[in-house]
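Coordinates in review
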Amino acid sequence: MTVILDGKTLSEKILDNIKQKVSNLNSKPGLAVILAGNNPASEVYVRNKEKQAQNAGFNSSVYKLPENVTKEELLNLINKLNDDEKTDGILLQLPLPKHLAAYDFLDKIDPKKDVDGFHPINAGKLFLNEKPYAIPCTPKGIVRLLDEYKIQIEGKNVVIAGRSNIVGKPLSALLLNRSATVTIVHSKTKNLPEITKKADILISATGKKNMITKDMIKKGAAVIDVGIIRDENNKLRGDVDFNGVKDIAGFITPVPGGVGPMTIAMLMENTLELHLLNKG
Ligand code: NAP
């Protein structure tokens with residue numbers, strides 16, 4: 001029997017726990033989200049983050065900037081939030097409008113307010129296994145989900161499809177720090193199925209529908225689907241051909257209801273942790 005890794009239920013448990021902790025604090029954690037431009041998917045993500053932050057009892061602010069915002073205006077806002085005592089976590093929603101480069105801004109966020117863990121200091125600490133101020137939310141959520149279901153990481157072969165700075169690379173460091181044997185594959189990798197078939201844990205973060213099919217899976221493997229794709233009927237899909245893969249995998253995440261809600265829960269957890277770091 002394949003076990004469905006239920007990120008929705010686990011995330012609700014984590015969020016309830018955070019809410020409870022916040023209700024016992026003298027001050028509220030503050031999350032500031034910067035949304036530049038009008039990317040429809042980003043607008044949905046930001047609305048959801050704001051809702052969950054309010055639910056958890058945080059001070060939540062969304063700063064909306066126009067598509068043609070200048071580099072100087074965005075830097076001014078980041079500086080203002082770096083100095084704002086009520087703000088514990090600053091999240092710069094990506095992607096930015098085309099004329100702006102994310103890494104001109106991510107390294108201007110105070111590392112102790114870098115709730116996404118994308119600042120080079122936090123990325124560096126993660127790769128050095130030296131306790132970052134925050135760990136990127138999606139990788140952190142994936143590891144939490146594996147731990148919840150007692151899926152062993154140490155000594156296991158993990159294959160990650162995708163090498164982005166927000167998912168694949170930080171996830172590889174996190175799992176290496178947990179003593180997994182990690183392989184990253186990407187669009188230039190040759191003989192992909194040969195590699196994925198060796199995975200005890202296969203994590204796909206490519207954004208390509210049906211990238212992962214049953215012939216690529218080792219029997220009993222844990223298959224984690226990070227992809228979020230809207231299909232022709234506007235339904236959410238992942239990278240994995242769920243119906244084909246589910247009978248071969250030992251564990252599998254659904255889309256929606258797997259990694260997505262865990263990412264949001266980890267964002268709230270990071271905000272609370274930064275609040276305790278800055279004010280505790
Ligand atoms: P990204 O920056 O576009 O990176 C995609 C990666 O997939 C790249 O490294 C790319 O390789 C690789 N790739 C593309 N086609 C491939 C192929 N045919 N075979 C092997 N590798 C291939 O994407 P991202 O930001 O990491 O996001 C990936 C997906 O996860 C998206 O669908 C995104 O919406 C979703 N996501 C979900 C969550 C969540 O909470 N569930 C969070 C973040 C992202 P190259 O480097 O060679 O181009």
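Read on for a plain summary of the structure. (Residues numbered from 1 in each chain as written. Predicted model: local features only at pLDDT ≥ 70, side-chain atom pairs only at ≥ 80, totals over all residues. Heavy atoms only, no water.)

Here we come to the overall build of the protein. In terms of regular secondary structure, the protein is built from 9 helices and 11 strands. Taking 19 Å as the expected radius of gyration for a compact globule of 280 residues, we find that the protein reaches 19 Å, a close match to that expectation. Its C-alpha atoms give the protein principal-axis dimensions of roughly 50 × 45 × 40 Å. Looking at the 280 residues of the protein, the share that counts as buried comes to 47%. Put simply, of all contacts in the protein between residues at least 6 apart along the chain, 70% involve residues at least 24 apart. (Helix = DSSP H or I, 4+ residues; strand = E, 2+ residues; numbered from the N terminus. Rg over C-alpha atoms; globule rule 2.2 N^0.38 Å. Buried < 20%, exposed > 50% of the residue type's maximum accessible area, 1.4 Å probe, protein only. Contact = heavy atoms within 4.5 Å.)

Every one of the 20 residues lining the ligand counts as a neighbour, but R163, S164, S187, V226 and T263 are closest to it. Interatomic distance of 2.5 Å between a side-chain N/O atom of S187 and an oxygen atom of the ligand. A distance of 3.3 Å separates a nitrogen atom of the ligand from a polar backbone atom of V226. The element that contributes the greatest number of residues to the shell around the ligand is helix 9 (residues 259–279), accounting for 3 residues. Its residues assigned to classes, the shell around the ligand shows 8 nonpolar, 10 polar and 2 charged. (Near = heavy atom within 4 Å. Polar contact = N/O pair within 3.5 Å; in protein donor to acceptor, adjacent residues only side chain to side chain. Nonpolar A, V, L, I, M, F, W, Y, C, P; charged D, E, K, R; others polar.)

With that out of the way, let us pick up the packing of aromatic side chains. To describe a pair of aromatic rings, one takes the distance between the centres and the angle between the planes. Taken as a whole, this structure holds 0 aromatic pairs when the rule is applied. Lying across the ring of Y133, K125 places its NZ or CZ 5.0 Å from the centre. (Phe/Tyr/Trp six-rings, centres within 6.5 Å; stacked < 30°, edge-to-face > 60°. Lys NZ or Arg CZ within 6 Å of the ring centre and 35° of its normal.)

For the rest of this paragraph, the subject is a positive patch on the surface. Judged by side-chain charge, R163, K169, K188 and K190 come together as a positively charged surface patch. Residue R163 is classed as partly exposed on the basis of its relative accessible area of 43%. (Patch = residues over 30% accessible without salt bridge, like charges linked within 9 Å, V, L, I, M, F, W, Y side chains within 5 Å. Areas by Shrake-Rupley, 256 points an atom, 1.4 Å probe, with all protein chains shown as cover. Salt bridge = Lys/Arg side-chain N within 4 Å of Asp/Glu carboxyl O. Lys, Arg positive; Asp, Glu negative; His and termini not counted. Charge placed at Lys NZ, Arg CZ, Asp CG, Glu CD.)

Attention shifts here to the sheet that holds strand 2 (residues 30–36). In space, the 3 strands of this open sheet follow the order 3-2-4, with parallel pairing throughout. Among the strands making up the open sheet, the edge pair consists of strand 3 (59–65) and strand 4 (89–92). Recorded for the sheet is a direction-independent mean angle of 15° between the axes of neighbouring strands. Sheet topology note: the strand 2/strand 3 ladder contains 7 bridges and is parallel. Among the inter-strand pairings, I34 is bridged to a residue of strand 3, identified as Y63. Contacts between helix 9 and the sheet are confined to strand 2 and strand 4, with strand 2 contributing the most and set at about 125° to the helix. (Pairing = 2+ DSSP bridges. Axes fitted to C-alpha atoms, helices over the stretch in contact; angles between N-to-C directions.)

Right, let's talk about the environment of L171 for a bit. With respect to the helices, strands and loops of the structure, L171 is situated in helix 6 (residues 168–177). A sequence separation of 36 residues divides L171 from I135, and the C-alpha atoms of the two residues are 9.5 Å apart. Setting aside residues up to four positions removed in sequence, L171 forms contacts with P139, I142, V143, I160 and I203.

A few words now on the side chain of D231. Tracing the sequence through the fold places D231 in the loop between strand 9 (229–230) and strand 10 (236–237). Residue classification places D231 among the buried residues on the basis of a relative accessible area of 8%. There is a polar contact of 2.8 Å between the side chain of D231 and the backbone nitrogen of N233. A distance of 2.9 Å separates polar atoms of two side chains, one belonging to D231 and the other to R237.

L94 connects to P95 through a cis peptide bond whose omega is 5°. Here P95 is to be found in the loop between strand 4 and helix 4 (120–128). For the bond running from V255 to P256, omega is 0°, close enough to zero to count as cis. Note that P256 resides in the loop between strand 11 (251–252) and helix 9. One non-glycine residue, K150, lies in the positive phi region at around 55°. Inspection of the secondary structure assignment puts K150 in the loop between helix 5 (137–148) and strand 5 (157–161).

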